[in-house]
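Structural characterization, general
Letter by letter, the chains look like this.
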Amino acid sequence: MAEKNQNYASPQSEDGILLYYKYAEIPNVNDLVVFYNTNCKSLHLLGRVRIAPDGVNVTVGGKLAALEKHIEDVKLNSLFEGTDFKLASCDSPSNEKIAKECGFTSLSVRVVKELVTLSSQPLLESPTISNAGRHLSAAEFHSVLHSAGNNLESEGQSGGKPLILLDARNVYETRIGKFKTSNVETLDPEIRQYSDLPSWIDSHAEQLQGKSVLMYCTGGIRCEMASAYIRSKGHGFENVFQLYGGIQRYLEQFPDGGFFKGKNFVFDHRISVGSSSSDVVGLCLLCGLSFDDYSSRCRCTYCRMLVLVCGSCQKKDGVDYVCELCKKQSKMGEPVSVIGSNINRIDSTPVNGLGVVELESTMLCKNITSAPEHSEGHGTRPIKKLRILALHGFRQNASSFKGRTASLAKKLKDLVELVFIDAPHELPFVYQPRTTETTPCSELETQKGPPPLEKCKKKFAWLVAEDYNVSTGKDWKIADQPFDPLQYRLQTGGFDASLAYLKNVFSKLGPFDGILGFSQGAAMAGSICARRGKLDDEIDFKFAILCSGFVLETKDFELGLINCPSVHVFGNGGQGKDRQIARNTSMELANKFEKSCSLIIEHESGHIIPTQSPHIDRLKAFLVQFL
């Protein structure tokens, strides 16, 4: 608790930033949540605190005196013994946009499953932190690079193995700074996000096996699990070392930069931290001149990853920013595959059809479908269509949702490319016995059997009941009860798995300009919108279209109005009212968004996405602004 006689919010005091992490078994996560909320609020600290069963990751800013007091309070807990607290003085955020985008306009204390997401998909061999690579101090790390590996060999730790320098950061970080030495082979995975690193390690295992791998990242935390993952591969992967305290500690030890050239990208309002050297290793995406300032927050038109665009080029009108990864990955005619339990192919079959149909089945019975991809080559601009990821409703699949939105796709064909995916939770086959009239006297006969199984496709969901059993079986089951229009209230489990699944979809199938969600898919998309800014490195988009949606019971919606361009489509309660998601329920979701950037389209029909005028015209007008 802060001392009452100390004014930790004094404007005359110097500002600072504090970063630290600690891997340790947390006996009571809730106790730490209470501590951080109480302590940080009393000290007027802003930023991010992530607490997992296996440790804590903290980035907070405030007055230096307050940050020093926070360190004192944290050290009283024996869990944090040996923690490396990285404290630095700095200027306050240069503008509100940067402060908000970097998470420094509020305090966010959240419980997560893991401190860093090493992979968005389950790994065959999950690494343990106890198997992480050996820590090297900044001085040791520098000495190894100086002698090009002789240090490790002389200590008998590498057995004379060749040295490899491995950067564990994302490509937008490595653009503005990295370690360089002519005597050591350097590997830059060029990944868009950290969760792509295991796949890169798997595909480059031959380059790593039998070598002494020297890893580094911003502050050290990403190297912990990544080094453990490499070592988990067994024989030939034992010699892994990591820079303790990351680039930040190295630059403190070697203020002239040493072997590090350029600037260190950081995930706070400072954006980057440099040495006393004036070296600029970054280049403007468009003109190719030296440039390394991310403060303008320019992003790739397609994947939304940060790109470097100099001031002169930012003034040019009608220019797309296409990052190097999107340029490499946009190869005409090549399908994109996704590793996952439900995504197995892309079907470029054109969509067509007429009319408005009910979109979500109340009972019953795996595909991923997409229109042609963007093209990019030899300096030509990509074909201009908005790529929208379509999330189906409860007990649907990608194929059925594609068919039922065929009219919508046809009406928007000049503006939009829809990409359909199955949700990650497979549902069991269920049917509701029904009665049929068999005699003029209206005697009733109960249906004796389910529909033919071979004619039915699997059904999926984004959210499931809390007692959901992953083992779905292969046979039909009789539904426990008749269809309940309020069943969506009982489907509250499985969110984290769906979120991890969507991160992988964005990584493998992205970029996407927007998300279209229907019913339960709209509820999922709405929650992602609420996390916008926190997920930009993994799930990034420009807008959302939420049809017959509802609010999930999560803390995502407790942080104020959502600042995301959005369209909310739902029935207005007339004769064709939505029998599954009531108008007021969808309106509740719409009210979670800032009115200045949201559009409401009410229609006279039921559980559908209307395609007749004037509704489709209003939707088109909304989409055109993003072209």
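Everything quoted here is computed from the prediction, not taken from an experiment. (Residues numbered from 1 in each chain as written. Predicted model: local features only at pLDDT ≥ 70, side-chain atom pairs only at ≥ 80, totals over all residues. Heavy atoms only, no water.)

A word on the overall build of the protein
If you tally the helices and strands in the protein, you get 18 helices and 26 strands. Relative to its full complement of 627 residues, the protein shows a buried share of 52%. Counting only carbon and sulfur atoms, one obtains 50% of the accessible surface of the protein, whose full area is about 28200 Å². (Helix = DSSP H or I, 4+ residues; strand = E, 2+ residues; numbered from the N terminus. Buried < 20%, exposed > 50% of the residue type's maximum accessible area, 1.4 Å probe, protein only. Areas by Shrake-Rupley, 256 points an atom, 1.4 Å probe, with all protein chains shown as cover.)

Quick notes on the sheet that holds strand β6 (residues 134-136)
Ordered in space as β6-β11-β10-β7-β9, the five strands form an open sheet in which the pairing is parallel. Either end of the sheet is taken by a strand with one partner, and the two such strands are β6 and β9 (185-187). Across the sheet, the axes of successive neighbouring strands diverge by a mean angle of 30 degrees, strand direction being ignored. Relative to β9, strand β7 (residues 163-167) is paired through three bridges, and the arrangement is parallel. Its bridge partner being in β9, Leu165 is matched across the sheet by Thr186. Each of β6, β7, β10 (212-216) and β11 (240-243) touches helix α4 (residues 138-146); the most contacted strand, β6, lies at about 85 degrees to it. (Pairing = 2+ DSSP bridges. Axes fitted to C-alpha atoms, helices over the stretch in contact; angles between N-to-C directions. Contact = heavy atoms within 4.5 Å.)

Looking at the pattern of salt bridges
In total, this model carries 21 salt bridges according to the counting rule given. Two residues, Lys178 and Asp188, come together in a salt bridge whose shortest N-O distance is 3.3 Å. Note that Lys178 is positioned in strand β8 (residues 177-179) and Asp188 in the loop between β9 and α7 (197-203), a separation of ten residues in sequence. Looking at Asp188, the relative accessible area reads 22%, which means it is partly exposed. A salt bridge links Asp268 to Arg270, with the shortest nitrogen-to-oxygen separation between them at 2.9 Å. For Asp268, a relative accessible area of 0% gives the class buried. When salt bridges with common partners are traced through the structure, they connect Asp84, Lys86, Arg249 and Glu252 into a single cluster. (Salt bridge = Lys/Arg side-chain N within 4 Å of Asp/Glu carboxyl O.)

Topic: the packing of helix α15 (residues 495-509) against helix α16 (residues 520-530)
The geometry of α15 relative to α16 is characterised by a closest axis approach of 12 Å and an angle of 75 degrees between their N-to-C directions. The orientation of α15 relative to α16 falls into the category roughly perpendicular. Here Phe495, Ser498, Leu499 and Leu502 of α15 lie close against α16, whose contacting residues are Met524, Ser527 and Ile528. When grouped by side-chain class, the residues that make up the contact of α15 with α16 number five nonpolar, two polar and no charged. (Parallel < 35°, antiparallel > 145°, perpendicular 65-115°, else oblique. Nonpolar A, V, L, I, M, F, W, Y, C, P; charged D, E, K, R; others polar.)

Notes on the sheet that holds strand β2 (residues 46-52)
Read across the open sheet, the five strands follow the order β4-β1-β3-β2-β5; overall the sheet is mixed. Bordering the open sheet on either side are β4 (86-89) and β5 (107-111), each of which pairs with just one other strand. If you compare each strand with its neighbour and ignore which way they point, the axes differ by 10 degrees on average. Relative to strand β3 (residues 55-63), strand β1 (residues 15-23) runs antiparallel, the two sharing nine bridges.

Quick look at helix α17 (residues 583-590)
Among the residues of α17, those classed as buried are Thr585, Ser586, Met587, Leu589 and Ala590. Packing partners of the buried residues in α17 comprise α16, β24 (543-547), β25 (566-571) and β26 (598-603).

So, a positive patch on the surface
Judged by side-chain charge, Lys385, Lys410, Lys411 and Lys413 come together as a positively charged surface patch. Tracing the sequence through the fold places Lys413 in the loop between α14 (406-411) and β16 (416-421). (Patch = residues over 30% accessible without salt bridge, like charges linked within 9 Å, V, L, I, M, F, W, Y side chains within 5 Å. Lys, Arg positive; Asp, Glu negative; His and termini not counted. Charge placed at Lys NZ, Arg CZ, Asp CG, Glu CD.)

Here's the deal with the packing of α4 against helix α10 (residues 246-253)
The N-to-C vectors of α4 and α10 enclose an angle of 85 degrees; their axes lie 9 Å apart at closest approach. Relative to α10, the element α4 lies roughly perpendicular. Listed contacts from α10 to Ala138, Ala139, Phe141 and His142 of α4 are Arg249, Tyr250 and Gln253. Broken down by class, the residue content of the contact of α4 with α10 amounts to four nonpolar, two polar and one charged.

Re the pairing of β3
Burial analysis of β3 places eight of its nine residues in the buried class, which makes it a mostly covered element. Alignment of β2 against β3, held across seven bridges, turns out to be antiparallel. Each bridged residue has a counterpart across the sheet, and for Ala52 the counterpart in β3 is Gly55. Hairpin connection between β2 and β3: a loop of two residues separates the two successive antiparallel strands.

Looking at the environment of Leu325
Considering the arrangement of structural elements, one finds Leu325 in helix α12 (residues 324-329). Separated by 22 residues in sequence, Leu325 and Cys303 have C-alpha atoms that sit 8.9 Å apart. In contact with Leu325, not counting residues within four places along its chain, are Val171, Glu190, Ile191, Arg192 and Met305.

What to know about the state of the cysteines
Taken as a whole, this structure holds zero disulfides when the rule is applied. Cysteine Cys300 remains unbridged, with the sulfur of Cys326 as its closest cysteine sulfur at 3.7 Å. Here Cys310 stays unpaired: no disulfide links it, and the sulfur of Cys313, its closest cysteine neighbor, is 3.6 Å away. For Cys310, a relative accessible area of 12% corresponds to the buried category. (Disulfide = S-S within 2.5 Å.)

Treat this as a map of the structure, not an account of what it does.
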